[in-house]
Amino acid sequence: GNHVCECHRCYQGPDCSKFLYDCVADADSGDPLVFEPFWMQNAASSALLVAGWHRMSYTYYDHTFISKELEEHLRKVHEIGGNAKADGKFILFGAGSTQLLNAAVFALSIRNTSSPAKVVASTPYYPLYKQQTEFFKNGNYEFAGDAQLFKNNSDITSNVIEFVTRPNNPDGQLNKAILHGPFVHTIHDHAYYWPHFTAIPAPSDEDIMIFTLSKLTGHAGSRFGWALVRDENVYSQMNMYLSMSEMGISRDTQLRAFQLLKTVVEGDGKDIFRFAYSNMKKRWENLTKIISLSKRFSLQEISPQYCTFFQKVRGPSPAYAWLKCEREEDTDCYAVLEEANIIGRHGNLFNADSRYVRLSLLKSQDEFDLLLYRLHELVSMEDSMK
Ligand code: PMP
């Protein structure tokens, strides 16, 4: 009949069996489709049907912008994951963690000081911190680059806001704050602080901790993040930011997040972590197997650590590979990979050397397999290059 099937973008032909030899492995974005099979296995319990008359109001029954049921489920997920002390902390919802990062900078920078607060992060850092801080820059704060530049803590005599990304994007290291003192405030970005991406040595108990559904369940498109905040004053300022910009986040998104988390906490609530951990671990093992045959490329090393979630010492299962080109002449590692039909993210974006490239390990299995195939090709060429 008229039925037309679309092939995977790397295949052609009437039965989609012809592999396109120059098909590009796209490992650029952190699109978390690695979670897709989990949600296919749990299709029924996670499905959502919303009647037209449902949840039309601006607010919930208690006149807030926050669903109490969702809040309770989030606190429960932290208890199950053992990754954060949520008890006694204020909670805020944002349009992705992206919105909360800037809300936190806004809140921490409202002080009676003459000079703007300096916003910093340790290199290599997630590019959005710089981009967003510069974009929304006001009289109260400005981006000031690498936290190392302020390392001599006794020199810090005006406000500094340090982004601490634990574990770090791009290199998966369990970063800690490097700046301390009465003028330093930290924002802990815990997007990846879940048992599937890192060992959890202890529950985090920081002043501001930011999480995202994007990297817990993989629903990046729902744009849902949350913050746990210790100080009531900081909480109020962040809440003000969220009220002023959009009167709290979409009630529909909260409903979706609630339905997903209901599925997550079913049974002992550990299934999603087991699923994602075993996938990420397998991906890392397969990747390291290939790169270990190479003299031209190397990967970051992540030391095994005791994980309170799995109750054992466990190896790496990071969200990204932080690949380095080791050869003298390979100064632009992004270009080296591009030549081999692999698209990564340029090290420069992370304030790092262009010998580095970030490769996403979070995409669908098809995409990841293609990435392995291209890397295998590239590494196999090394012998003939000698
Ligand atoms: N923080 C880090 C470290 C991230 O890697 C990301 C997304 N890749 C985010 C925050 C933002 O995620 P989202 O807005 O989807 O919550």
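Worth saying up front: this structure is predicted, and the values here are computed from it rather than measured.

The rules behind the values
Residues numbered from 1 in each chain as written. Predicted model: local features only at pLDDT ≥ 70, side-chain atom pairs only at ≥ 80, totals over all residues. Helix = DSSP H or I, 4+ residues; strand = E, 2+ residues; numbered from the N terminus. Rg over C-alpha atoms; globule rule 2.2 N^0.38 Å. Buried ≥ 20, exposed ≤ 12 C-beta atoms within 10 Å, placed from the backbone. Contact = placed C-beta atoms within 7 Å. Pairing = 2+ DSSP bridges. Right-handed = clockwise from strand over helix to strand, strands pointing away. Expected span 1.5 Å × (residues − 1). Arc of directions from axis to C-beta. Near = placed C-beta within 6 Å. Nonpolar A, V, L, I, M, F, W, Y, C, P; charged D, E, K, R; others polar. Domains from an automatic or database assignment.

**Quick look at the overall build of the protein chain**
So, step 1. For the protein chain, the helix and strand inventory stands at 12 helices and 17 strands.
So, step 2. Taken over C-alpha atoms, the radius of gyration comes to 22 Å for the protein chain, in line with the 21 Å a tight globule of 386 residues would show.
So, step 3. The C-alpha extent of the protein chain, read off along each of the three principal axes, is 65 × 60 × 45 Å.
So, step 4. Buried residues in the protein chain amount to 40% of all 386 residues.
So, step 5. Look at the contacts in the protein chain between residues 6 or more apart in sequence, and 71% of them connect residues 24 or more apart.

**What to know about unusual backbone geometry**
Trans is the common state for peptide bonds, and a negative phi is the common state for residues other than glycine.
So, step 1. In this structure, the amide linkage connecting threonine 123 to the following residue, proline 124, adopts the cis form with an omega of 0 degrees.
So, step 2. Looking at the element boundaries, proline 124 is found in the loop between strand E5 (117–121) and helix H5 (128–136).
So, step 3. Cis rather than trans, the peptide bond between arginine 166 and proline 167 has omega equal to -10 degrees.
So, step 4. If you check the backbone angles, cysteine 16 has positive phi at about 55 degrees while not being a glycine.
So, step 5. Structurally, cysteine 16 is set in the loop between strand E1 (11–12) and strand E2 (18–19).
So, step 6. Positive phi, close to 55 degrees, is recorded for arginine 55, a residue that is not glycine.
So, step 7. Note that arginine 55 resides in the loop between helix H2 (43–46) and helix H3 (68–81).
So, step 8. We classify arginine 55 as partly exposed; it has 13 C-beta atoms within 10 Å.

**Some words on the sheet that holds strand E17 (residues 356–360)**
So, step 1. Ordered in space as E11-E14-E17-E16, the four strands form an open sheet in which the pairing is antiparallel. Each edge of the open sheet is held by one strand with a lone partner, namely strand E11 (297–298) and strand E16 (345–346).
So, step 2. In terms of strand pairing, strand E14 (residues 320–325) meets E17 through five bridges, oriented antiparallel. Across the sheet, residue alanine 321 finds its bridge partner in E17, namely leucine 359.

**A short note on the pairing of E5**
Consecutive side chains along a regular strand alternate between the two faces of the sheet.
So, step 1. Within E5, five of the five residues are buried, which leaves it mostly tucked inside the rest of the structure.
So, step 2. Neither face of E5 is exposed, since Ala117, Val119 and Ala121 on one face and Lys118 and Val120 on the opposite face are all buried.
So, step 3. Judged from the five bridges that link them, E5 and strand E6 (residues 141–146) form a sheet pairing that is parallel. Bridge pairing links alanine 121 to aspartate 146 in E6.
So, step 4. For the handedness criterion, the β-α-β arrangement of E5, H5 and E6 is classed as right-handed.
So, step 5. Strand direction decides the pairing type here: E5 and strand E7 (residues 160–165), joined by four bridges, are parallel.

**Some thoughts on the environment of methionine 381**
So, step 1. Looking at the element boundaries, methionine 381 is found in the loop between helix H11 (365–380) and helix H12 (382–385).
So, step 2. Taking the number of C-beta atoms within 10 Å as the measure of exposure, methionine 381 has 12 and is therefore exposed.
So, step 3. On a C-alpha basis, the gap between methionine 381 and valine 120 in space is 41 Å, while along the polypeptide they are 261 residues apart.

**Quick word on the environment of tyrosine 129**
So, step 1. As for its position among the elements, tyrosine 129 is in helix H5.
So, step 2. The class of tyrosine 129 is buried, set by 22 C-beta atoms lying within 10 Å.
So, step 3. Considered as a pair, tyrosine 129 and glutamate 329 are 200 residues apart in the sequence and their alpha carbons are 31 Å apart.

**Here we look at H3**
So, step 1. In a regular helix each residue adds 1.5 Å, so 14 residues correspond to 20 Å; H3 covers 20 Å between its end C-alpha atoms and thus fits that length.
So, step 2. Within H3, burial applies to Leu70, Leu74, Val77, His78 and Gly81. Taken down its axis, H3 places every buried residue within 100 degrees of arc, on the same side.
So, step 3. Next to the buried residues of H3 lie strand E4 (90–95), strand E10 (224–229), helix H8 (251–264) and helix H9 (271–291).
So, step 4. Looking one or two places after H3, you find glycine 82, whose phi comes out positive at around 65 degrees.

**A word on the site of the ligand**
So, step 1. In the region of the ligand, 13 residues are neighbours, and Gly96, Ser97, Thr98, Thr212 and Ser214 sit closest.
So, step 2. Broken down by element, the shell around the ligand gets its largest block of residues, three residues, from helix H4 (residues 96–108).
So, step 3. Among the residues making up the shell around the ligand, the classes are represented as three nonpolar, nine polar and one charged.

**Side note on the domain arrangement of the protein chain**
So, step 1. Looking at the protein chain, the domain boundaries give domain 1 (11–39 + 270–385) and domain 2 (65–264).
So, step 2. If you average the C-alpha positions of domain 1 and of domain 2, the two centres end up 27 Å apart.
So, step 3. Across the boundary between the two partners, domain 1 contributes 32 residues, which contact 29 residues of domain 2.
So, step 4. Those elements that place two or more of their residues in the side of domain 1 that touches domain 2 are H9, strand E12 (305–307) and E14.

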